[in-house]
Amino acid sequence: MKLDYLKSFKDLFADYTELRWQENTNVFLKLLNGTLIENGKRTVGGVSARVYKDGFFGFASSPLSDADKIKEIVRKAGENASLLAGLGRKDIGKLAQEGHELIKDFSTVKARVSRKEMIDFLRELDNYTRSKYSDLKASNFVLNSLDMEKNLVTSFDTYAYTMVPRTILVIVMTIEKDGVIYDYYDVIGGLGQYEDLFTDPENFYGQIDTMYKRLREKAEGIYPEAGYKEVILDSRISGILAHEAIGHTTEADFVKSGSIARDYLNERVATEIVNLVDFAAEYDNKPCPVPVYIDDEGTRAEDVVIIQDGILKNYMNNKELALEFNTSPTGNARAYTFSDEPLVRMRNTAILPGENSLEEMIASIEDGYYFIDTNNGQADATSEFMFGVTFGYEIKNGKLGRAIKDTTISGVAFDVLKTVSMISNEMYWSSGGMCGKKQMIPVGFGGPAIKCKVNIGGK
Amino acid sequence: MELLDKCLALLKEKGADEGEVSLTHVQNEEMELKNGNIDLLRSRDEYYLNLNAIIEKKRASIQINKIDEEAIAEAVSELIHNAENSQIDEANGVSDQVQERDFNNCKDNYDPELMYKRLENFNKEVTAAYPDLVLEGAVLEYQKRYNYYRNSKGVNLSSNHDNYFFSTSFFGRRNRETSSMNYTGIALENLDEELYELASLPYLLRESVEHLDARIIDNKKFTGDLIITPDCLRSILYSLLSHLGNDMLIAGTSYFKDSLDKKVLDGKFTLKTEPVSDLLAIKDYYSGDGVVNRNDYIFAEGVLKNYLLDFYGSRKTGLQRGPSLGSNLVVEAGDKSIAEMVESVERGIILARFSGGQPASNGDFSGVAKNSYYVEDGEIKYPIKETMISGNLFSLFQNIMGISKDRINFGYSLMPFLHAKEIVVSSR
């Protein structure tokens, strides 16, 4: 922890200043067809200062953290802010300056394992997979951990230390049928270090068996029919809908630019059974996949209720945008590395569970699809979204039918949410999400299964 | 460079049979326009030190961003431990293409006041010319990059290079109507030209405003032609090239497996990698595997001429290391005007942006056609929305009707318009 060291530079702060020491440590291992083709570690750390003056931000950073360098970057950040303030005109007032003290450490308390044990773990998974399923054309096991350790000292007496680790295992299986290649992939893991999540390879054999079964079904499956249909989006997909299609349009910087959500505050944007929240740190008294207790501007992070009973209620913001929107900062200002400035980012965005069972939702559809897995998603200013669907089934007369091959679904989220007629009573959190918006950042998203209407890009 | 020699010596002393070390030093100055204001100036000074060790054919790598003795000693110690505990792979090794080269392309033309002026003019001109356009953001950065590489076989490379990079995102907005987000990025040698005149920007800005009047295609589903714009072609090519890289060739799942010197795509399609092109602002003199890149064909008139494997991938597959790892893509110009391409379309769309996932391994893809136009009987009819397309990546490049003679220079790629056939278009 570097808090005491950073505190010793507080006398240098002439204006609103954030001084952050951050280190990201990333371990990545990749076993392809039994061969370890990646065995690496990346540690990127350093100090940054951000100064706010007359409506302008100056930012400077360095991987070095000796006293002279810290003095230099605090001075440089101030000079950068002054340079812009001298060239332009914009003073919207004083940023919120409420100080907080916080220490939150999610490091494992177990003894750290060696690299050999991690590689052996992957090899055991690979041995199990390839010996049981000898017809696989390729198997790919990727272990990726990211420890984000941050120390923040501000001119307004915020002193915060957080250590938030995430470890995920990505499994990809490939088969060939009639000369055509098919893949299936899954992501396992989430909040925590390796030792807390991957104790025994046998714990994952069941998931590997399910993946192989689905891969085979997909290879035998049908192409869904292109068109506009009634579907069930599984809980693994509805979280991406919450994040990509709704979440981004309700980030205050995007709202200020003119995203579609700007016009809809306090208006109906969904059926009344839809509730959507960006959770800061905890859901149901448990830590979310990416818990944020304090953001990188020093704001204590609060949950943001975005949609309540179908009505758009709030946006996510940072200090400057809170000032412009005449509201309080929500704690959504996050930076990825030490040399990145905080941006308005989501944390753990989820549609809340409803009252229906998945079985009764399937039984209610005469002709449609149950989409279960996705590998990516995108959305834009209009809230139009696209998700790649990697597995699912057709639904005929209230029953699951044949599996489907890869497809894509799309829709305008604020229209699609008005077609939501049933929501399941379960909750699934996706823990491996990385969101790109100038910088990458880990995010969580979750939800139940929802019944709605979307466009399908089949054949 | 003395630091790298010390690192190599330390790797050897601690037990590495082979080692390689590279250092990148980046100085970056970034100015950001957000919601009509230039309100951030960010200065970064970063080091990335990469260390690779091979012990008894077992490999590990580590990257740190510190260059002091203590940090390096700690990293080397951990690296050696990780390599000793890794897995034997006969393909592990460091480049033996021994060269001592120093590439220099620094202009040292950082000018913060000119950056401010160009960015301010961009904001003023675009706002005045397109009142219904929202500039979501624009970033102008100057980057100076020093690279150094050494390995235990005697390869000794260094380069320095600087350039500007401009990126912007925008969309149309009128009353309650919003058009899809659009964006582009351009690398520049200097700031001689105004930003709003660069590359495809005039076309993209106009397109975003026109899409405020976008319509759902009347014809709900049809099979037709596709004219892919330069911005969109660049992103689609990355999917195609993933079949020429390490992962898919080592796994044996590449569509282009065993296809070297075979005609696999349409004869009208020629694609080159030009890492040291005079035409492009970005230079990619050598890659992280310590091999000097060269300009060469990837596909020549539809014939696969080179894979894009790195040194390890080359040894693992027994194929040649690529001329580059896929940098600075240049598609050879065709002989059609864009007007001629449109005139030859009976029914189809101009695809300006594709919002879709990575195509399946068999090349099948589907996604949303963004910022695109409906074309019928040789005429652009109207901008479209909520339209999906599906097809096959490889079929697309095997059925090319024409390539434009005009190309867009993005500074890191040179792309024409490309006309292909047989795509399924569907709308709500």
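Cut-offs applied
- Residues numbered from 1 in each chain as written.
- Chains lettered and ligands numbered in written order.
- Predicted model: local features only at pLDDT ≥ 70, side-chain atom pairs only at ≥ 80, totals over all residues.
- Heavy atoms only, no water.
- Helix = DSSP H or I, 4+ residues; strand = E, 2+ residues; numbered from the N terminus.
- Expected span 1.5 Å × (residues − 1).
- Buried < 20%, exposed > 50% of the residue type's maximum accessible area, 1.4 Å probe, protein only.
- Contact = heavy atoms within 4.5 Å.
- Phe/Tyr/Trp six-rings, centres within 6.5 Å; stacked < 30°, edge-to-face > 60°.
- Lys NZ or Arg CZ within 6 Å of the ring centre and 35° of its normal.
- Core = buried A, V, L, I, M, F, W, Y, C linked by side-chain atoms within 4.5 Å.
- Domains from an automatic or database assignment.
- Buried area = accessible area lost by both parts, 1.4 Å probe.
- Salt bridge = Lys/Arg side-chain N within 4 Å of Asp/Glu carboxyl O.
- Polar contact = N/O pair within 3.5 Å; in protein donor to acceptor, adjacent residues only side chain to side chain.
- Pairing = 2+ DSSP bridges.
- Lys, Arg positive; Asp, Glu negative; His and termini not counted.
- Axes fitted to C-alpha atoms, helices over the stretch in contact; angles between N-to-C directions.
- Bend = angle between axes of the 7 residues up to and from the residue.
- Left-handed = near helix turned anticlockwise from the far one by under 90°.
- Nonpolar A, V, L, I, M, F, W, Y, C, P; charged D, E, K, R; others polar.

## Thoughts on helix H3 (residues 112-129) of chain B
Its 18 residues place the ends of H3 of chain B 26 Å apart at the C-alpha level, agreeing with the 26 Å of an ideal helix rising 1.5 Å per residue. Here H3 of chain B has its buried residues at Met 115, Tyr 116, Arg 118, Leu 119, Asn 121, Phe 122, Asn 123 and Val 126 of chain B. Packing partners of the buried residues in H3 of chain B comprise helix H2 (67-87) of chain A together with strand E1 (18-34), strand E2 (37-55), strand E5 (133-151), strand E6 (156-174) and helix H4 (201-210) of chain B.

## Quick notes on the packing of aromatic side chains
Counted according to the given criterion, the structure contains 39 aromatic pairs over all chains. Ring geometry for Phe 106 of chain A versus Tyr 293 of chain A: centroids 6.3 Å apart, planes at 25°, classification stacked. Separated by 187 residues along the polypeptide, Phe 106 of chain A in the loop between strand E4 (101-105) and helix H3 (115-132) and Tyr 293 of chain A in the loop between strand E11 (286-287) and strand E12 (304-308) bring together distant segments of the chain. Of the two residues examined, Phe 106 of chain A and Tyr 293 of chain A, each falls in the buried class. Aromatic pair Phe 122 of chain B and Phe 166 of chain B: ring centres 5.0 Å apart, planes at 80°, arrangement edge-to-face. You can see Phe 122 of chain B sitting in helix H3 and its partner Phe 166 of chain B sitting in strand E6, a full 44 residues away along the chain. Like Phe 166 of chain B, Phe 122 of chain B is buried. Within the aromatic cluster, the residues linked to one another by ring pairs are Tyr 255, Phe 256, Phe 269, Phe 299, Phe 394 and Phe 397 of chain B. Its end group placed over the ring of Phe 59 of chain A, Arg 42 of chain B keeps NZ or CZ at 6.0 Å from the ring centre. A cation over an aromatic ring shows up here: Arg 347 of chain B above the ring of Phe 222 of chain B, its NZ or CZ 5.3 Å from the ring centre.

## So, the nonpolar core
Looking at soluble globular proteins, one finds that nonpolar side chains tend to be buried together. Counting 50 residues, the largest nonpolar core has Phe 269, Phe 299 and Phe 397 of chain B as its most contacted members. Here the element with the most residues in this core is helix H5 (residues 230-241) of chain B; it accounts for six residues. Not counting chain neighbours up to four residues away, the residues in contact with Phe 299 of chain B comprise Leu 240, Leu 241, Leu 244, Phe 256, Val 264, Leu 265, Phe 269, Thr 270, Leu 271, Leu 304 and Lys 305 of chain B. Listed in part, the 49 residues of the second largest apolar core include Leu 233, Ile 351, Ile 441 and Ile 450 of chain A.

## Remarks on the domain arrangement of chain A
Residues and elements named next belong to chain A. Under the domain assignment, chain A is made up of domain 1 (3-208) and domain 2 (227-456). Just the C-alpha atoms count here: the centres of domain 1 and domain 2 sit 23 Å apart. Domain 1 puts 49 residues into the contact, and the matching count from domain 2 is 39 residues. Where domain 1 abuts domain 2, roughly 3,300 Å² becomes buried across the two surfaces, and 59% of that area is made up of carbon and sulfur atoms. At the junction of domain 1 and domain 2, the tally comes to three salt bridges. Among the salt bridges present, the one from Asp 296 reaches Lys 150, with a minimum N-O distance of 2.7 Å. Taken together, the links from domain 1 to domain 2 amount to 16 residue pairs in polar contact (both at pLDDT 80 or more).

## Describing the pairing of strand E6 (residues 159-177) of chain A
All names here are of chain A. Burial analysis of E6 places 16 of its 19 residues in the buried class, the great majority of the element. Note: E4 against E6, five bridges, orientation parallel. Within E6, the position partnered with Lys 104 by the bridge is Thr 162. Relative to E6, strand E5 (residues 138-154) is paired through 16 bridges, and the arrangement is antiparallel. Directly across from Met 148, in E6, lies its bridge partner Val 164. Between E5 and E6, which pair antiparallel in sequence order, lie four residues; one of them, Asp 157, sits at a positive phi of approximately 65°. Pairing analysis gives twelve bridges linking E6 to strand E7 (residues 180-191), with the strands arranged antiparallel. The partner of Arg 166 across the bridge, within E7, is Leu 191. Here E6 folds back onto E7 in antiparallel fashion, the turn holding two residues, of which Asp 178 has a positive phi close to 50°.

## Some words on the interface of chain A and chain B
In this assembly, 83 residues from chain A lie in contact with 71 residues from chain B. Counting the surface lost from both chain A and chain B, the interface buries some 6,300 Å², and carbon and sulfur atoms represent 48% of this. The three residues of chain A that bury the most area against chain B are Lys 41, Pro 63 and Ser 257 of chain A, which together make up 9% of that side's buried surface. Here chain A and chain B share twelve salt bridges between them.

## Considering the domain arrangement of chain B
Residues and elements named next belong to chain B. The assigned domain composition of chain B is domain 1 (2-210) and domain 2 (214-428). Computed from C-alpha coordinates alone, the two centres of domain 1 and domain 2 are separated by 24 Å. Taken together, the 42 residues of domain 1 in the interface contact 30 residues of domain 2. Here domain 1 packs against domain 2, burying approximately 2,900 Å² in sum over the two surfaces, 54% of which is carbon and sulfur.

## A word on the side chain of Glu 244 of chain A
All names here are of chain A. Secondary-structure assignment places Glu 244 in helix H6 (residues 235-247). Buried and unpaired, Glu 244 has no salt bridge, with Arg 345 as the nearest side chain of opposite charge at 8.8 Å. Setting aside residues no more than four positions away along its own chain, Glu 244 makes contact with Gly 377, Gln 378, Ala 379 and Phe 387.

## Regarding the sheet that holds E12 of chain A
Across a sheet, strands are paired by hydrogen bonds formed along the backbone, either parallel or antiparallel in direction. Residues and elements named next belong to chain A. Within the open sheet, the six strands sit side by side as E13-E12-E9-E16-E23-E22. Their pairing is mixed. Of all the strands in the sheet, just strand E13 (311-312) and strand E22 (428-437) have a single pairing partner and so form its edges. As defined by bridge partners, strand E9 (residues 276-279) adjoins strand E16 (residues 348-351) across four bridges and the pair is classed as antiparallel. If you follow Leu 276 over to E16, its bridge partner there is Ile 351. On the sheet, H6 packs against E9, E12, E16, E22 and strand E23 (439-447) and is oriented at approximately 130° with respect to E23.

## Brief notes about H6 of chain A
At Leu 241 of chain A, H6 of chain A shows its largest kink, close to 25°. H6 of chain A sits mainly inside the fold: 13 of its 13 residues count as buried.

## Things to note about the packing of helix H1 (residues 2-13) of chain B against helix H2 (residues 69-84) of chain B
Residues and elements named next belong to chain B. Look at H1 against H2: their axes get within 10 Å of each other, and the N-to-C directions meet at 35°. Note on packing geometry: the crossing formed by H1 with H2 is right-handed. Of the residues in H2, those touching H1 at Leu 3, Lys 6, Cys 7, Leu 10 and Leu 11 are Glu 69, Ile 72, Ala 73, Val 76, Leu 79 and Ile 80. Here the residues of the contact of H1 with H2 sort into nine nonpolar, no polar and two charged.

## A look at the pattern of salt bridges
One pass over the structure, following the stated rule, counts 63 salt bridges over all chains. For Glu 324 of chain A, the salt bridge is made with Lys 256 of chain A, and the minimal N-O distance between the two is 2.7 Å. You can see Glu 324 of chain A sitting in helix H8 (residues 319-324) and its partner Lys 256 of chain A sitting in helix H7 (residues 252-257), a full 68 residues away along the chain. Where Arg 176 of chain B meets Glu 267 of chain A, a salt bridge forms, and the shortest distance between an N and an O atom there is 2.7 Å. Separated into two different chains, Arg 176 of chain B in the loop between E6 and strand E7 (177-178) and Glu 267 of chain A in the loop between H7 and E9 make up a pair that spans both. Take Glu 267 of chain A: its relative accessible area is 30%, and that puts it in the partly exposed class. Among the charged side chains, a network of salt bridges with common partners joins Asp 340, Glu 341 and Lys 438 of chain A together with Glu 30, Glu 32 and Arg 42 of chain B.

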